[in-house]
Amino acid sequence: MRLPYNCAVTILALETSCDETAVAILRGTDLLASEIASQTQHEAYGGVVPEVASRSHLLHAPRLLEHALEIAGLALDEIDAFAATSGPGLASSLMIGASIAKGLAVGMGKPYLAVNHLEGHLLSPFFGSDEIERNVSLIVSGGHTLLVEVRGVNEYRVLGRTVDDAAGEAFDKVAKLLGLGYPGGPEIEKRAVDGNAARFDFPRSMLDSGDHNFSFSGLKTAVRYRLAGFETNHRDAGLVADFCASFQQAVIDVLVKKTLRAARSCRAKLVTMSGGVSCNQALRDAMSQACRRAELRLLTAAPGLCTDNAAMIALAAALRFRAGFRSEVTQEIDPNLALA
Ligand code: KG4
Ligand code: ZN
């Protein structure tokens, strides 16, 4: 399917599904603005507190909106459609972004587009390319681990998903076990560089299961038990690096092998990868090598578009707009919104 770059529609999108407040403006292929405010106050509570998150969205969103329009050099009446993430995510957070986008759409007399957060991740590797090709896609984030067959906009078939923890969640939980900061992914990746990935033989769960599903909670438990064998005062930087490298390698082995198997089963020629965990350079390298060996092409989201952002929501909205989709402003947010 051709992308709408000849008819340069201008979309303003909001993403408030969890603890990031983000606003982006996309005109055709040009990302004119992409503003993000991250909430750090949740660290003190050991997790995202929904009410704190939604209050913070309310505080940040107007400022980000104003700033995005200023950077883009546009006035509100130059926006063709307003979009927002409508799920999955935290209800009280989703409501803020969706209400703002709906209000702007009604006030400016322009269309509103409700976008699935996962569709945003799914299409983000296509930023800047002029065609969406059939592909098998791995979405790896803090909340989701999904393998999806993509045939076109809104034509998605979920092939497999995690049956327990998401890959990013495993990174975050293992980082916590090792006494590292949040989010755990970048902390583990940094230390894994100096570690020995062969020191601990952690399980590769469901690697040979007949389906395309994943499981990461056993891996986290295996790290916990192995770590318990070391006295706290013996946990030096070298040991932590070996834990990080061995854990990271176990996750990568499963993600890469299962993605390639799914691509083969769908006879896909293209593999795509998105979501926060796909920032991980070791994963990107391993996926890229495996695809090359299997004569598959690989398209990954740009590192800046892997973690949550509104640019991916704007892109998905632009593609949906072009395909003729519009949403009613009466459409509710859905914390459990499914992709397909
Ligand atoms: O896509 P995202 O921003 O939010 C969700 O939709 O969940 O993903 C956040 C997740 C976190 O679990 C974080 O630890 C993980 O992505 N992550 C990484 C890396 N950067 C972020 N995991 C592994 N390696 C990284 N470099
Ligand atoms: Zn996400």
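Details of the structure are given in the entry above.
The shown structure was predicted, so the numbers you read here are calculated from the model rather than taken from an experiment.

What's the story with the nonpolar core in this structure? I'm lost.
Within soluble globular proteins, side chains that are nonpolar generally end up buried alongside one another. Formed by 48 residues in total, the largest nonpolar core has its most connected members in F243, F247 and L283. Where this core is concerned, the elements lending two or more residues are β6 (135-140), α4 (167-177), α5 (184-192), α6 (217-228), α7 (237-265), β9 (270-274) and α8 (281-293). For this core, the leading source of residues is α7, giving 15 residues. For F243, the contacting residues outside a window of four places in its chain are L178, F200, F202, V223, R226, L227 and F230.

I'm lost on the packing of aromatic side chains in this one. Help?
The description of an aromatic ring pair uses the distance of the two centres, along with the angle that the planes make with each other. This model, assessed by the stated rule, comprises 7 aromatic pairs. With centroids separated by 5.7 Å and ring planes inclined at 25 degrees, the aromatic side chains of F200 and F202 adopt a geometry described as stacked. In this structure, F200 and F202 share a single accessibility class: buried. Judged by centre distance (5.9 Å) and plane angle (85 degrees), the ring pair of F230 and F243 falls under edge-to-face. Of this pair, F230 sits in the loop between α6 and α7 while F243 sits in helix α7, placing them 13 residues apart in sequence.

Can you help me understand the sheet that holds strand β7 (residues 145-152) in this one?
Hydrogen bonds between backbone atoms are what pair the strands of a sheet, whose relative direction is either parallel or antiparallel. Strand order across the open sheet formed by 5 strands is β8-β7-β6-β9-β10, with mixed pairing between neighbours. Looking at the sheet topology across the chains shown, the edges are occupied by β8 (155-161) and β10 (297-300). For this sheet the average axis-to-axis angle between neighbouring strands, irrespective of direction, equals 25 degrees. Sheet topology note: the β6/β9 ladder contains 4 bridges and is parallel.

Teacher, can you tell me more about the site of ligand 1 here?
Near ligand 1 lie 20 residues; those nearest to it are G142, D172, G185, E189 and D308. The contact in question runs from an oxygen atom of ligand 1 to an N or O atom on the backbone of G168, over 3.1 Å. When ligand 1 is considered free in solution it has 560 Å² of accessible area, and contact with the protein chains removes 89% of it. Those elements that provide at least two residues to the shell around ligand 1 are α3 (117-123), α4 and α5. Broken down by class, the residue content of the shell around ligand 1 amounts to 6 nonpolar, 11 polar and 3 charged.

Could you clarify how one ought to interpret the coordination of the zinc ion (ligand 2) in this entry?
The expected angle between donors at a tetrahedral four-coordinate metal is 109.5 degrees. At an octahedral six-coordinate metal it is 90 or 180 degrees. Every protein donor of the zinc ion (ligand 2) is listed here as H117 (NE2), H121 (NE2) and D308 (OD), and their distances to the metal cover 2.0 to 2.1 Å. Metal-centred angles of 97 to 136 degrees between the 4 donor atoms at the zinc ion (ligand 2) mark the site as irregular. Look at where the donors of the zinc ion (ligand 2) fall in the sequence and you get H-x3-H-x186-D. Here the residue H117 and the residue H121 both occupy positions in helix α3, the gap between them amounting to 4 residues, near one helical turn.

Any chance you could explain the sheet that holds strand β1 (residues 10-15) here in plain terms?
Taking strand neighbours across the sheet as the criterion, the 5 strands line up as β3-β2-β1-β4-β5 in an open arrangement whose pairing is mixed. On the outer flanks of this sheet lie β3 (30-38) and β5 (112-116), each paired with one strand and no other. Each strand axis lies, on average, 20 degrees off the axis of its neighbour in the sheet, ignoring direction. As judged from the 4 bridges shared by β1 and strand β4 (residues 81-87), these two strands associate in the parallel manner. From the neighbouring strand, A13 faces β4, where its bridge partner is A83. Along the sheet, helix α9 (residues 311-322) makes contact with β1, β2 (20-27), β3, β4 and β5, crossing β1 at roughly 135 degrees.

Thresholds, definitions, all that
Residues numbered from 1 in each chain as written. Chains lettered and ligands numbered in written order. Predicted model: local features only at pLDDT ≥ 70, side-chain atom pairs only at ≥ 80, totals over all residues. Heavy atoms only, no water. Core = buried A, V, L, I, M, F, W, Y, C linked by side-chain atoms within 4.5 Å. Buried < 20%, exposed > 50% of the residue type's maximum accessible area, 1.4 Å probe, protein only. Helix = DSSP H or I, 4+ residues; strand = E, 2+ residues; numbered from the N terminus. Contact = heavy atoms within 4.5 Å. Phe/Tyr/Trp six-rings, centres within 6.5 Å; stacked < 30°, edge-to-face > 60°. Pairing = 2+ DSSP bridges. Axes fitted to C-alpha atoms, helices over the stretch in contact; angles between N-to-C directions. Near = heavy atom within 4 Å. Polar contact = N/O pair within 3.5 Å; in protein donor to acceptor, adjacent residues only side chain to side chain. Areas by Shrake-Rupley, 256 points an atom, 1.4 Å probe, with all protein chains shown as cover. Nonpolar A, V, L, I, M, F, W, Y, C, P; charged D, E, K, R; others polar. Donors = N, O, S within 2.8 Å, 3.2 Å for Na, K, Ca; no water. Tetrahedral: all angles 85-135°; square planar, octahedral: opposite > 155°, others 65-115°.

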